[in-house]
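Each chain is listed here by its residues.
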Amino acid sequence: MIIGNVVGNLWATRKEESLNGLKFLIVETIEKKTIVACDFVGAGIGDKVLITLGSSARKASENMNISIDAGIIGIIDGIEGE
Amino acid sequence: MIIGNVVGNLWATRKEESLNGLKFLIVETIEKKTIVACDFVGAGIGDKVLITLGSSARKASENMNISIDAGIIGIIDGIEGE
Amino acid sequence: MIIGNVVGNLWATRKEESLNGLKFLIVETIEKKTIVACDFVGAGIGDKVLITLGSSARKASENMNISIDAGIIGIIDGIEGE
Amino acid sequence: MIIGNVVGNLWATRKEESLNGLKFLIVETIEKKTIVACDFVGAGIGDKVLITLGSSARKASENMNISIDAGIIGIIDGIEGE
Amino acid sequence: MIIGNVVGNLWATRKEESLNGLKFLIVETIEKKTIVACDFVGAGIGDKVLITLGSSARKASENMNISIDAGIIGIIDGIEGE
(Lines give C-alpha, C1' and ligand atoms only; values in the text may rest on other atoms or scores of the structure.)
Protein backbone atom coordinates (compact mmCIF):
# COMPACT_ATOMS: atom_id res chain seq x y z
CA MET A 1 0.00 0.00 0.00
CA ILE A 2 1.06 3.63 -0.28
CA ILE A 3 0.55 6.70 1.88
CA GLY A 4 -0.92 9.86 0.35
CA ASN A 5 -2.70 13.12 1.08
CA VAL A 6 -6.14 13.87 -0.34
CA VAL A 7 -5.77 17.11 -2.33
CA GLY A 8 -8.98 17.28 -4.34
CA ASN A 9 -11.85 15.48 -5.97
CA LEU A 10 -13.13 15.03 -9.50
CA TRP A 11 -16.42 14.25 -11.23
CA ALA A 12 -17.23 12.73 -14.59
CA THR A 13 -20.77 12.59 -15.92
CA ARG A 14 -19.81 10.30 -18.79
CA LYS A 15 -18.31 7.30 -17.06
CA GLU A 16 -18.31 3.52 -17.12
CA GLU A 17 -21.50 2.14 -15.58
CA SER A 18 -19.94 0.23 -12.70
CA LEU A 19 -18.59 3.53 -11.32
CA ASN A 20 -21.98 5.14 -10.70
CA GLY A 21 -22.36 6.32 -7.11
CA LEU A 22 -18.65 6.06 -6.29
CA LYS A 23 -16.62 8.98 -4.91
CA PHE A 24 -13.28 9.78 -6.62
CA LEU A 25 -10.58 11.63 -4.69
CA ILE A 26 -7.32 13.05 -6.05
CA VAL A 27 -4.39 11.96 -3.92
CA GLU A 28 -0.77 13.12 -3.93
CA THR A 29 1.35 10.16 -2.84
CA ILE A 30 4.43 10.52 -0.64
CA GLU A 31 6.43 9.75 -3.83
CA LYS A 32 4.90 13.02 -5.24
CA LYS A 33 2.75 11.18 -7.80
CA THR A 34 -0.87 12.25 -8.46
CA ILE A 35 -3.42 9.44 -8.63
CA VAL A 36 -7.19 9.09 -8.38
CA ALA A 37 -8.59 6.67 -5.81
CA CYS A 38 -12.07 5.49 -4.99
CA ASP A 39 -13.04 6.35 -1.38
CA PHE A 40 -14.25 3.51 0.88
CA VAL A 41 -13.84 5.13 4.32
CA GLY A 42 -15.30 8.66 4.09
CA ALA A 43 -12.03 10.51 3.51
CA GLY A 44 -11.87 14.19 2.46
CA ILE A 45 -9.45 16.90 1.37
CA GLY A 46 -6.57 17.19 3.89
CA ASP A 47 -6.75 13.60 5.16
CA LYS A 48 -3.57 11.42 5.19
CA VAL A 49 -4.76 8.11 3.76
CA LEU A 50 -3.74 4.50 3.07
CA ILE A 51 -4.23 3.46 -0.60
CA THR A 52 -4.31 -0.01 -2.13
CA LEU A 53 -3.65 -0.53 -5.85
CA GLY A 54 -4.58 -3.03 -8.59
CA SER A 55 -7.10 -5.84 -8.19
CA SER A 56 -6.90 -5.39 -4.38
CA ALA A 57 -8.81 -2.11 -4.78
CA ARG A 58 -11.80 -4.08 -6.09
CA LYS A 59 -11.70 -6.23 -2.94
CA ALA A 60 -12.50 -3.13 -0.85
CA SER A 61 -15.84 -2.90 -2.64
CA GLU A 62 -18.74 -5.38 -2.37
CA ASN A 63 -18.85 -5.37 -6.17
CA MET A 64 -15.75 -7.23 -7.47
CA ASN A 65 -16.64 -6.13 -11.01
CA ILE A 66 -16.07 -2.41 -10.71
CA SER A 67 -13.33 -1.14 -12.99
CA ILE A 68 -11.24 0.68 -10.34
CA ASP A 69 -7.50 0.10 -9.70
CA ALA A 70 -6.96 2.31 -6.62
CA GLY A 71 -8.91 2.52 -3.36
CA ILE A 72 -8.64 4.51 -0.13
CA ILE A 73 -8.85 1.85 2.59
CA GLY A 74 -7.85 3.80 5.70
CA ILE A 75 -7.56 7.28 7.21
CA ILE A 76 -4.21 7.33 9.00
CA ASP A 77 -4.40 8.40 12.67
CA GLY A 78 -0.72 8.09 13.47
CA ILE A 79 2.68 7.00 12.22
CA GLU A 80 5.46 5.84 14.54
CA GLY A 81 9.16 5.73 13.80
CA GLU A 82 9.12 6.53 10.04
CA MET B 1 -6.59 5.44 -11.52
CA ILE B 2 -4.66 8.11 -13.42
CA ILE B 3 -5.63 11.32 -15.18
CA GLY B 4 -4.55 11.91 -18.78
CA ASN B 5 -5.26 13.83 -21.94
CA VAL B 6 -6.22 12.08 -25.18
CA VAL B 7 -3.61 13.16 -27.76
CA GLY B 8 -4.18 10.72 -30.63
CA ASN B 9 -5.38 7.36 -31.80
CA LEU B 10 -3.81 4.36 -33.45
CA TRP B 11 -4.89 1.43 -35.63
CA ALA B 12 -3.47 -2.01 -36.18
CA THR B 13 -4.82 -4.35 -38.83
CA ARG B 14 -2.82 -7.31 -37.53
CA LYS B 15 -3.98 -7.64 -33.94
CA GLU B 16 -5.03 -10.21 -31.39
CA GLU B 17 -8.56 -11.43 -32.06
CA SER B 18 -10.20 -10.28 -28.83
CA LEU B 19 -9.35 -6.67 -29.77
CA ASN B 20 -11.49 -6.53 -32.91
CA GLY B 21 -13.94 -3.64 -32.86
CA LEU B 22 -12.24 -1.84 -29.98
CA LYS B 23 -11.08 1.79 -30.19
CA PHE B 24 -7.49 2.58 -29.06
CA LEU B 25 -6.61 6.10 -27.94
CA ILE B 26 -3.15 7.48 -27.18
CA VAL B 27 -3.11 9.25 -23.84
CA GLU B 28 -0.46 11.45 -22.23
CA THR B 29 -0.74 10.99 -18.48
CA ILE B 30 -0.23 13.83 -16.01
CA GLU B 31 3.07 12.11 -15.15
CA LYS B 32 4.07 12.79 -18.83
CA LYS B 33 3.98 9.09 -19.78
CA THR B 34 2.46 7.97 -23.12
CA ILE B 35 0.13 4.98 -22.93
CA VAL B 36 -2.56 3.41 -25.11
CA ALA B 37 -5.99 2.85 -23.58
CA CYS B 38 -9.14 1.21 -24.83
CA ASP B 39 -12.07 3.67 -24.93
CA PHE B 40 -15.28 2.69 -23.09
CA VAL B 41 -17.01 6.12 -22.86
CA GLY B 42 -16.74 7.75 -26.29
CA ALA B 43 -13.70 9.92 -25.59
CA GLY B 44 -11.78 11.79 -28.30
CA ILE B 45 -8.66 13.87 -28.91
CA GLY B 46 -8.53 16.79 -26.44
CA ASP B 47 -10.61 15.13 -23.70
CA LYS B 48 -9.24 14.94 -20.10
CA VAL B 49 -9.94 11.35 -19.06
CA LEU B 50 -9.85 8.90 -16.14
CA ILE B 51 -7.85 5.71 -16.89
CA THR B 52 -7.82 2.39 -15.05
CA LEU B 53 -4.91 -0.05 -15.41
CA GLY B 54 -4.29 -3.80 -15.19
CA SER B 55 -7.01 -6.42 -14.80
CA SER B 56 -9.45 -3.65 -13.80
CA ALA B 57 -9.42 -2.46 -17.43
CA ARG B 58 -10.98 -5.79 -18.47
CA LYS B 59 -13.79 -5.20 -15.95
CA ALA B 60 -14.88 -2.14 -17.94
CA SER B 61 -15.69 -4.42 -20.88
CA GLU B 62 -18.45 -7.06 -21.00
CA ASN B 63 -15.79 -9.48 -22.27
CA MET B 64 -13.43 -10.32 -19.36
CA ASN B 65 -11.15 -12.15 -21.79
CA ILE B 66 -9.92 -9.25 -23.87
CA SER B 67 -6.18 -8.75 -23.63
CA ILE B 68 -6.19 -5.04 -22.66
CA ASP B 69 -4.44 -3.56 -19.60
CA ALA B 70 -5.64 0.07 -19.78
CA GLY B 71 -9.15 1.48 -20.21
CA ILE B 72 -10.69 4.95 -20.37
CA ILE B 73 -13.55 4.80 -17.85
CA GLY B 74 -14.56 8.46 -17.57
CA ILE B 75 -14.44 11.85 -19.27
CA ILE B 76 -13.55 14.34 -16.55
CA ASP B 77 -15.96 17.31 -16.27
CA GLY B 78 -14.28 19.06 -13.36
CA ILE B 79 -11.53 18.88 -10.76
CA GLU B 80 -11.75 20.66 -7.42
CA GLY B 81 -8.90 21.54 -5.11
CA GLU B 82 -5.96 19.77 -6.87
CA MET C 1 9.69 -9.58 -4.54
CA ILE C 2 11.62 -6.65 -3.10
CA ILE C 3 13.92 -6.22 -0.13
CA GLY C 4 13.24 -3.51 2.42
CA ASN C 5 13.86 -2.35 5.97
CA VAL C 6 11.02 -1.89 8.46
CA VAL C 7 11.23 1.75 9.60
CA GLY C 8 7.91 2.28 11.37
CA ASN C 9 4.30 1.36 11.80
CA LEU C 10 0.99 3.10 11.33
CA TRP C 11 -2.57 2.78 12.63
CA ALA C 12 -5.90 3.83 11.22
CA THR C 13 -9.10 3.62 13.24
CA ARG C 14 -11.29 4.32 10.22
CA LYS C 15 -10.37 1.59 7.79
CA GLU C 16 -11.91 -0.90 5.40
CA GLU C 17 -13.47 -3.81 7.27
CA SER C 18 -11.33 -6.60 5.85
CA LEU C 19 -8.25 -4.94 7.40
CA ASN C 20 -9.37 -5.28 11.02
CA GLY C 21 -6.79 -7.04 13.16
CA LEU C 22 -3.98 -6.71 10.60
CA LYS C 23 -0.61 -5.10 11.42
CA PHE C 24 0.72 -2.42 9.01
CA LEU C 25 4.44 -1.72 8.87
CA ILE C 26 6.17 1.11 7.02
CA VAL C 27 9.03 -0.20 4.90
CA GLU C 28 11.78 1.63 3.05
CA THR C 29 12.68 -0.46 0.02
CA ILE C 30 16.24 -0.81 -1.27
CA GLU C 31 15.11 1.43 -4.16
CA LYS C 32 14.49 4.14 -1.44
CA LYS C 33 10.69 4.03 -1.89
CA THR C 34 8.38 4.13 1.17
CA ILE C 35 5.54 1.61 1.15
CA VAL C 36 3.15 0.10 3.70
CA ALA C 37 3.00 -3.69 3.97
CA CYS C 38 0.86 -6.06 5.96
CA ASP C 39 2.98 -8.22 8.31
CA PHE C 40 2.55 -12.02 8.08
CA VAL C 41 5.74 -13.17 9.88
CA GLY C 42 6.05 -11.09 13.07
CA ALA C 43 8.49 -8.48 11.73
CA GLY C 44 9.36 -5.28 13.60
CA ILE C 45 11.24 -1.98 13.26
CA GLY C 46 14.84 -2.69 12.19
CA ASP C 47 14.18 -6.01 10.44
CA LYS C 48 15.36 -6.55 6.83
CA VAL C 49 12.34 -8.13 5.12
CA LEU C 50 11.11 -9.76 1.91
CA ILE C 51 7.96 -8.11 0.46
CA THR C 52 5.53 -9.40 -2.13
CA LEU C 53 3.28 -7.02 -4.10
CA GLY C 54 -0.11 -7.09 -5.85
CA SER C 55 -2.56 -10.00 -5.71
CA SER C 56 0.26 -12.22 -4.38
CA ALA C 57 0.08 -10.32 -1.08
CA ARG C 58 -3.47 -11.63 -0.59
CA LYS C 59 -2.17 -15.18 -1.05
CA ALA C 60 -0.09 -14.77 2.11
CA SER C 61 -3.30 -14.38 4.11
CA GLU C 62 -5.95 -17.06 4.69
CA ASN C 63 -8.53 -14.49 3.59
CA MET C 64 -8.15 -13.94 -0.18
CA ASN C 65 -10.61 -11.04 0.03
CA ILE C 66 -8.58 -8.59 2.08
CA SER C 67 -7.84 -5.38 0.21
CA ILE C 68 -4.04 -5.35 0.68
CA ASP C 69 -1.47 -5.11 -2.14
CA ALA C 70 1.79 -5.57 -0.19
CA GLY C 71 2.78 -8.22 2.35
CA ILE C 72 5.88 -9.02 4.41
CA ILE C 73 6.48 -12.72 3.73
CA GLY C 74 9.95 -13.23 5.20
CA ILE C 75 12.50 -11.87 7.67
CA ILE C 76 15.85 -12.08 5.87
CA ASP C 77 18.58 -13.91 7.81
CA GLY C 78 21.33 -13.58 5.25
CA ILE C 79 22.23 -12.46 1.76
CA GLU C 80 25.10 -14.00 -0.23
CA GLY C 81 26.88 -12.47 -3.18
CA GLU C 82 24.73 -9.35 -3.79
CA MET D 1 -0.99 -0.77 -23.21
CA ILE D 2 2.37 0.59 -24.33
CA ILE D 3 3.95 1.25 -27.72
CA GLY D 4 7.37 -0.18 -28.53
CA ASN D 5 9.74 -1.18 -31.29
CA VAL D 6 10.91 -4.76 -31.73
CA VAL D 7 14.74 -4.64 -31.54
CA GLY D 8 15.70 -8.29 -31.16
CA ASN D 9 14.78 -11.75 -30.02
CA LEU D 10 16.07 -14.19 -27.44
CA TRP D 11 16.08 -17.93 -26.83
CA ALA D 12 16.36 -20.02 -23.71
CA THR D 13 16.72 -23.78 -23.84
CA ARG D 14 16.18 -24.17 -20.11
CA LYS D 15 12.80 -22.59 -19.53
CA GLU D 16 9.56 -23.12 -17.69
CA GLU D 17 7.42 -25.77 -19.39
CA SER D 18 4.42 -23.60 -20.25
CA LEU D 19 6.69 -21.44 -22.45
CA ASN D 20 7.60 -24.18 -24.92
CA GLY D 21 6.84 -23.18 -28.51
CA LEU D 22 6.41 -19.47 -27.71
CA LYS D 23 8.36 -16.73 -29.48
CA PHE D 24 10.09 -14.06 -27.29
CA LEU D 25 10.88 -10.66 -28.77
CA ILE D 26 12.95 -7.88 -27.19
CA VAL D 27 11.11 -4.57 -27.33
CA GLU D 28 12.30 -1.06 -26.58
CA THR D 29 9.31 0.88 -25.29
CA ILE D 30 8.71 4.54 -26.12
CA GLU D 31 9.70 5.23 -22.48
CA LYS D 32 13.17 3.78 -23.44
CA LYS D 33 12.71 0.65 -21.27
CA THR D 34 13.78 -2.79 -22.56
CA ILE D 35 11.29 -5.60 -22.00
CA VAL D 36 10.66 -9.08 -23.37
CA ALA D 37 7.22 -9.85 -24.79
CA CYS D 38 5.62 -12.98 -26.14
CA ASP D 39 4.55 -12.55 -29.80
CA PHE D 40 0.90 -13.32 -30.69
CA VAL D 41 0.63 -11.56 -34.08
CA GLY D 42 3.74 -12.52 -36.10
CA ALA D 43 5.81 -9.42 -35.34
CA GLY D 44 9.51 -9.10 -36.19
CA ILE D 45 12.56 -6.87 -35.74
CA GLY D 46 11.72 -3.30 -36.87
CA ASP D 47 7.96 -3.51 -36.25
CA LYS D 48 6.21 -0.85 -34.11
CA VAL D 49 3.97 -2.88 -31.79
CA LEU D 50 1.23 -2.63 -29.16
CA ILE D 51 2.10 -4.46 -25.90
CA THR D 52 -0.16 -5.52 -23.05
CA LEU D 53 1.24 -6.21 -19.56
CA GLY D 54 0.38 -8.35 -16.52
CA SER D 55 -2.40 -10.93 -16.41
CA SER D 56 -3.87 -9.41 -19.62
CA ALA D 57 -0.92 -10.88 -21.53
CA ARG D 58 -2.14 -14.37 -20.61
CA LYS D 59 -5.55 -13.51 -22.08
CA ALA D 60 -3.93 -13.14 -25.51
CA SER D 61 -3.01 -16.84 -25.40
CA GLU D 62 -5.46 -19.76 -25.47
CA ASN D 63 -3.59 -21.15 -22.45
CA MET D 64 -4.40 -18.94 -19.42
CA ASN D 65 -1.75 -20.80 -17.40
CA ILE D 66 1.36 -19.68 -19.23
CA SER D 67 3.73 -17.72 -17.02
CA ILE D 68 4.12 -14.63 -19.25
CA ASP D 69 3.49 -11.03 -18.15
CA ALA D 70 3.92 -9.18 -21.49
CA GLY D 71 2.41 -9.88 -24.90
CA ILE D 72 2.56 -8.28 -28.34
CA ILE D 73 -1.11 -7.92 -29.34
CA GLY D 74 -0.88 -5.68 -32.41
CA ILE D 75 1.40 -4.45 -35.18
CA ILE D 76 0.75 -0.71 -35.44
CA ASP D 77 -0.12 0.50 -38.96
CA GLY D 78 -0.60 4.16 -38.15
CA ILE D 79 -0.75 6.75 -35.40
CA GLU D 80 -2.76 9.97 -35.73
CA GLY D 81 -2.30 13.14 -33.72
CA GLU D 82 0.30 12.06 -31.12
CA MET E 1 9.07 -10.05 -18.90
CA ILE E 2 12.42 -8.53 -17.95
CA ILE E 3 16.03 -9.59 -18.41
CA GLY E 4 18.35 -9.72 -15.42
CA ASN E 5 21.55 -11.18 -14.04
CA VAL E 6 21.57 -13.40 -10.95
CA VAL E 7 23.89 -11.68 -8.45
CA GLY E 8 23.16 -13.51 -5.20
CA ASN E 9 20.77 -15.47 -3.08
CA LEU E 10 19.03 -14.97 0.23
CA TRP E 11 17.49 -17.10 2.97
CA ALA E 12 14.85 -16.42 5.56
CA THR E 13 14.07 -18.89 8.34
CA ARG E 14 10.95 -17.01 9.39
CA LYS E 15 8.84 -16.90 6.26
CA GLU E 16 5.31 -17.38 5.05
CA GLU E 17 4.39 -21.08 4.91
CA SER E 18 3.72 -21.33 1.17
CA LEU E 19 7.37 -20.38 0.52
CA ASN E 20 8.91 -23.42 2.23
CA GLY E 21 11.27 -25.31 -0.06
CA LEU E 22 11.51 -22.50 -2.64
CA LYS E 23 14.83 -20.99 -3.76
CA PHE E 24 15.14 -17.16 -3.78
CA LEU E 25 17.70 -15.49 -6.03
CA ILE E 26 18.71 -11.82 -6.07
CA VAL E 27 18.61 -10.43 -9.58
CA GLU E 28 19.86 -7.12 -10.96
CA THR E 29 17.60 -6.19 -13.87
CA ILE E 30 18.88 -4.49 -17.02
CA GLU E 31 17.13 -1.37 -15.70
CA LYS E 32 19.59 -1.57 -12.71
CA LYS E 33 16.84 -2.47 -10.22
CA THR E 34 17.43 -5.17 -7.55
CA ILE E 35 14.63 -7.69 -7.12
CA VAL E 36 14.19 -11.13 -5.57
CA ALA E 37 12.77 -13.89 -7.76
CA CYS E 38 11.79 -17.49 -7.11
CA ASP E 39 13.83 -19.90 -9.25
CA PHE E 40 11.92 -22.41 -11.42
CA VAL E 41 14.68 -23.48 -13.84
CA GLY E 42 17.82 -24.17 -11.76
CA ALA E 43 19.51 -20.79 -12.28
CA GLY E 44 22.57 -19.66 -10.29
CA ILE E 45 24.84 -16.67 -9.68
CA GLY E 46 26.15 -15.34 -13.01
CA ASP E 47 23.26 -16.58 -15.15
CA LYS E 48 21.40 -14.13 -17.47
CA VAL E 49 17.73 -14.91 -16.85
CA LEU E 50 14.18 -14.16 -18.01
CA ILE E 51 11.87 -13.00 -15.17
CA THR E 52 8.09 -12.81 -15.07
CA LEU E 53 6.30 -10.54 -12.57
CA GLY E 54 2.95 -10.38 -10.75
CA SER E 55 0.34 -13.14 -10.80
CA SER E 56 2.14 -14.71 -13.79
CA ALA E 57 4.95 -15.75 -11.43
CA ARG E 58 2.50 -17.99 -9.58
CA LYS E 59 1.62 -19.68 -12.88
CA ALA E 60 5.20 -20.96 -13.11
CA SER E 61 4.62 -22.99 -9.96
CA GLU E 62 2.25 -25.95 -9.59
CA ASN E 63 0.90 -24.25 -6.48
CA MET E 64 -1.15 -21.18 -7.57
CA ASN E 65 -1.42 -20.12 -3.91
CA ILE E 66 2.19 -19.27 -3.20
CA SER E 67 2.70 -15.63 -2.29
CA ILE E 68 5.44 -14.83 -4.83
CA ASP E 69 5.32 -11.97 -7.37
CA ALA E 70 8.50 -12.67 -9.39
CA GLY E 71 9.78 -15.88 -10.96
CA ILE E 72 12.79 -16.91 -13.03
CA ILE E 73 11.27 -18.75 -16.00
CA GLY E 74 14.26 -19.09 -18.34
CA ILE E 75 18.04 -19.11 -18.53
CA ILE E 76 18.92 -17.02 -21.60
CA ASP E 77 21.23 -18.77 -24.08
CA GLY E 78 21.41 -16.00 -26.65
CA ILE E 79 20.13 -12.59 -27.66
CA GLU E 80 20.03 -11.44 -31.28
CA GLY E 81 19.81 -7.84 -32.50
CA GLU E 82 19.31 -5.98 -29.20
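If you check an unreviewed UniProt entry, chain A appears there as Ethanolamine utilization protein EutN from Cetobacterium ceti. Per its UniProt entry, chain A bears the Subcellular location (unreviewed entry) comment "Bacterial microcompartment".

Asker: Would you mind going over the side chain of Ser18 of chain B in detail, with residue names and values included?
Answerer: Residues and elements named next belong to chain B. Positionally, Ser18 belongs in the loop between strand 2 (14-15) and strand 3 (24-29). Its relative accessible area of 18% is what places Ser18 among the buried residues. Separated by 2.6 Å, the side chains of Ser18 and Glu16 make a polar contact. Setting aside residues no more than four positions away along its own chain, Ser18 makes contact with Asn65, Ile66 and Ser67.

Asker: Please provide a residue-by-residue account of the relation of the copies chain C and chain A, values included.
Answerer: Note that the two copies of the chain are related through a rotation about an axis and a translation along the same axis. For these two chains of identical sequence, chain C goes onto chain A by a turn of 72 degrees and a shift of 0.0 Å along the axis, with RMSD 0.0 Å. With respect to symmetry, the two chain copies, as superposed, fit the operation of a five-fold axis.

Asker: Describe in detail the pattern of salt bridges, supporting the description with residues and values.
Answerer: If you walk through the whole model with that rule in mind, you get 10 salt bridges over all chains. The closest approach of N and O atoms between Asp39 of chain A and Lys23 of chain A, which form a salt bridge, is 3.0 Å. In this pair, Asp39 of chain A is assigned in strand 4 (residues 34-39) and Lys23 of chain A in the loop between strand 2 (14-15) and strand 3 (24-29), connecting sequence segments 16 residues apart. Judged by relative accessible area, Lys23 of chain A falls into the partly exposed class, the value being 39%. A salt bridge links Lys32 of chain D to Glu28 of chain D, with the nearest nitrogen and oxygen atoms 3.8 Å apart.

Asker: Tell me about the interface of chain D and chain B, and please be specific about residues and values.
Answerer: Reports of interface size often rely on the accessible area that becomes lost once the parts have come together. Contacts between the two partners involve 25 residues from chain D and, on the opposite side, 30 residues from chain B. Of the roughly 2,200 Å² buried where chain D meets chain B, counting both sides, 53% is carbon and sulfur surface. Counting the contacts that link chain D with chain B gives zero salt bridges. Inspection of the region where chain D meets chain B yields 18 residue pairs in polar contact (both at pLDDT 80 or more). Counting only elements with at least two residues in the side of chain D that touches chain B, the list comes to strand 5 (48-53), helix 1 (55-59), strand 6 (70-75) and strand 7 (78-80) of chain D.

Asker: Tell me about the environment of Glu80 of chain C, residues and numbers included.
Answerer: Residues and elements named next belong to chain C. As for its placement among the helices and strands, Glu80 is situated in strand 6 (residues 78-80). Residue Glu80 is classed as partly exposed on the basis of its relative accessible area, which comes to 40%. Separated by 30 residues in sequence, Glu80 and Leu50 have C-alpha atoms that sit 15 Å apart.

Asker: Residue-level account of the pairing of strand 1 (residues 2-11) of chain D, with values.
Answerer: For strand 1 of chain D, the tally of buried residues reaches seven of 10 residues, placing the bulk of the element in the interior. Judged from the four bridges that link them, strand 1 of chain D and strand 5 of chain D form a sheet pairing that is antiparallel. Directly across from Gly4 of chain D, in strand 5 of chain D, lies its bridge partner Val49 of chain D. Of the pairings in the sheet, the one linking strand 1 of chain D to strand 3 (residues 24-29) of chain D comprises six bridges and is antiparallel in character. Counted as the bridge partner of Gly4 of chain D is Thr29 of chain D from strand 3 of chain D. Examined bridge by bridge, strand 1 of chain D and strand 6 (residues 78-80) of chain E share three bridges and lie antiparallel to one another. Opposite Trp11 of chain D, over in strand 6 of chain E, you have Gly78 of chain E as the bridge partner.

Asker: Provide a residue-level description of the environment of Ser56 of chain D, including the pertinent values.
Answerer: Relative to the helices and strands, Ser56 of chain D is located in helix 1. What Ser56 of chain D contacts, discounting residues up to four positions off in sequence, is Gly54, Arg58, Ser67, Ile68 and Asp69 of chain B. A polar contact is formed between the side chain of Ser56 of chain D and the backbone oxygen of Ile68 of chain B, at a distance of 2.6 Å.

Quick notes on the rules
Residues numbered from 1 in each chain as written. Chains lettered and ligands numbered in written order. Predicted model: local features only at pLDDT ≥ 70, side-chain atom pairs only at ≥ 80, totals over all residues. Heavy atoms only, no water. UniProt positions renumbered as here; feature names shortened; annotations may be inferred. Helix = DSSP H or I, 4+ residues; strand = E, 2+ residues; numbered from the N terminus. Buried < 20%, exposed > 50% of the residue type's maximum accessible area, 1.4 Å probe, protein only. Polar contact = N/O pair within 3.5 Å; in protein donor to acceptor, adjacent residues only side chain to side chain. Contact = heavy atoms within 4.5 Å. Least-squares fit on C-alpha atoms with pLDDT ≥ 70 in both. Salt bridge = Lys/Arg side-chain N within 4 Å of Asp/Glu carboxyl O. Buried area = accessible area lost by both parts, 1.4 Å probe. Pairing = 2+ DSSP bridges.

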